[in-house]
Amino acid sequence: MTATATVPAARVTTAAPRRRIWSYWRFYLALSPFYVLFAVFGLYPMLSTIVLAFQRWDGLSARRFTGLDNFAFLVKDPTFWQSLENTVVLFLMSTVPTLVLALLLAVMLQSAVRFTNVYRIAYFIPNVTSLVAMAIFFSSIFSTNFGLVNAALRSLGIPQQDWLGQPWGIKIAISTMIVWQWVGYNTLIYLAGLQAIPKDQYEAAKVDGAGAVRTFFAITLPQLRPVVLFTVVMSTIGGLQTFTEPQVMVGNSGGTGQSGMTVVLFFYRAAFLDNDYGYAAAIALSIFALVLLFTAINWRIFRGRGEDR
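Just so we're clear, the structure is a prediction, and the values are computed from it rather than from any experiment.

K.L.:
Even after reading the chapter, I still don't get the environment of asparagine 127, so can you show me in this structure?
P.N.:
Topologically, asparagine 127 is positioned in helix α5 (residues 116-128). The class of asparagine 127 is buried, set by a relative accessible area of 18%. For the pair asparagine 127 and phenylalanine 80, spaced 47 residues apart in sequence, the C-alpha separation works out to 30 Å. In contact with asparagine 127, not counting residues within four places along its chain, are Gln181, Trp182 and Tyr185.

K.L.:
Sorry, what's going on with the confidence of the model for the protein chain here?
P.N.:
Detail in the predicted coordinates should be disregarded across regions flagged by low pLDDT. On average, residues of the protein chain carry a pLDDT of 85, and 90% of them reach 70 or more. When mean pLDDT is taken per element in the protein chain, helix α3 (residues 69-76) scores highest with 94 and helix α1 (residues 2-22) scores lowest with 55.

K.L.:
How should the side chain of serine 175 be read in this particular structure?
P.N.:
The residue serine 175 is located in helix α8 (residues 167-195) in this model. Under the relative-accessibility criterion, serine 175 is labelled buried at 4%. Within the structure, serine 175 has its side chain in polar contact with the backbone oxygen of lysine 171 (distance 2.8 Å). Among the polar contacts listed, one links the side chain of serine 175 to the backbone oxygen of isoleucine 172, at a separation of 3.0 Å. Apart from the residues within four sequence positions on either side, serine 175 is in contact with Leu90, Met93 and Ser94.

K.L.:
For this particular structure, what's the right way to read the pattern of salt bridges?
P.N.:
A side chain with one charge may pair with a side chain of the opposite charge, provided their charged atoms come close. Taken as a whole, this structure holds one salt bridge when the rule is applied. Arginine 56 is the partner of aspartate 276 in a salt bridge, and the nearest nitrogen-oxygen pair spans 3.5 Å. Note that aspartate 276 is positioned in the loop between α13 (263-273) and α14 (277-302) and arginine 56 in strand β1 (residues 55-56), a separation of 220 residues in sequence. Take arginine 56: its relative accessible area is 43%, and that puts it in the partly exposed class.

K.L.:
Before we go on, may I ask you to explain the packing of aromatic side chains in this structure?
P.N.:
One pair of aromatic rings is described through two measures. These are the centre distance and the angle between the planes. One pass over the structure, following the stated rule, counts 16 aromatic pairs. Note on phenylalanine 34 and tyrosine 35: the rings are 5.2 Å apart at their centroids and 75° apart in plane angle, and the pair reads as edge-to-face. Taken together, the ring pairs connect Trp57, Phe243, Tyr268, Phe272 and Tyr277 into an aromatic cluster. Across the ring face of tryptophan 57, the terminal group of arginine 63 is positioned such that the distance to the ring centre comes to 4.4 Å. We note lysine 171 situated over the ring of tryptophan 168; from NZ or CZ to the ring centre the distance is 5.6 Å.

Cut-offs used in this document
- Residues numbered from 1 in each chain as written.
- Predicted model: local features only at pLDDT ≥ 70, side-chain atom pairs only at ≥ 80, totals over all residues.
- Heavy atoms only, no water.
- Helix = DSSP H or I, 4+ residues; strand = E, 2+ residues; numbered from the N terminus.
- Buried < 20%, exposed > 50% of the residue type's maximum accessible area, 1.4 Å probe, protein only.
- Contact = heavy atoms within 4.5 Å.
- pLDDT = per-residue confidence, 0-100.
- Polar contact = N/O pair within 3.5 Å; in protein donor to acceptor, adjacent residues only side chain to side chain.
- Salt bridge = Lys/Arg side-chain N within 4 Å of Asp/Glu carboxyl O.
- Phe/Tyr/Trp six-rings, centres within 6.5 Å; stacked < 30°, edge-to-face > 60°.
- Lys NZ or Arg CZ within 6 Å of the ring centre and 35° of its normal.

And the structure:
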């Protein structure tokens, strides 16, 4: 009698979780469009890119498996290494000034009394403006004969420069545009983090006689560490995928000496101009690895020591 009594109990125990799972089928159905779209437009392209990186395909003929030939050619390709160097240099020239200026503007905006909302809207406008339109605008600003930058230099008695015709001029023009585009966005992120810091900490520091600089490094910056980590990681992901700015400002060739050729622009040229999709897939995987590497480095540098445990 004991054995016959335990068998139905076991069946009820195993069947109950199944019934509980199927009772939520409406919620799974409501979430299914996201997973379907992710599988079609996210997961499948990623898996297809990985497979394509080991093949040779021009978009029309049959695919041909080539093993590691694409990666072997990528390592020996001087254009790839130059594009990688340009990407890292542009990333450093744009990301560091962007985050520093954004933090300073956020501190100033935090202490502002009047027209705070007007400043916030003004800072965010570049982020919602068309990227192509901004690239054309900055191309005209850095124009050799009619650009505003050279006009300012001539008014100061300084010879005008061919900004978009020399390697470092191209990098300065592109990085300036990136700074102008993203400094407002990061300013609002930092401002939200500043508003979350308790006011009593600043009052206690003021009572102790701490100045503005000491208060910033002792209270503001440590409290903003998670926000700084977020902005650094997001800026790293975006900065290493720079594409529209150099393509519009200097063209698909990367400008003089290919000094504006970024890794993503090199990927675009290999895929849609040279029709070498297998090689382009290998470049895409290298971009993914580069973003992961720099993100891991930034995470290691900026995270708190207490998170190591």
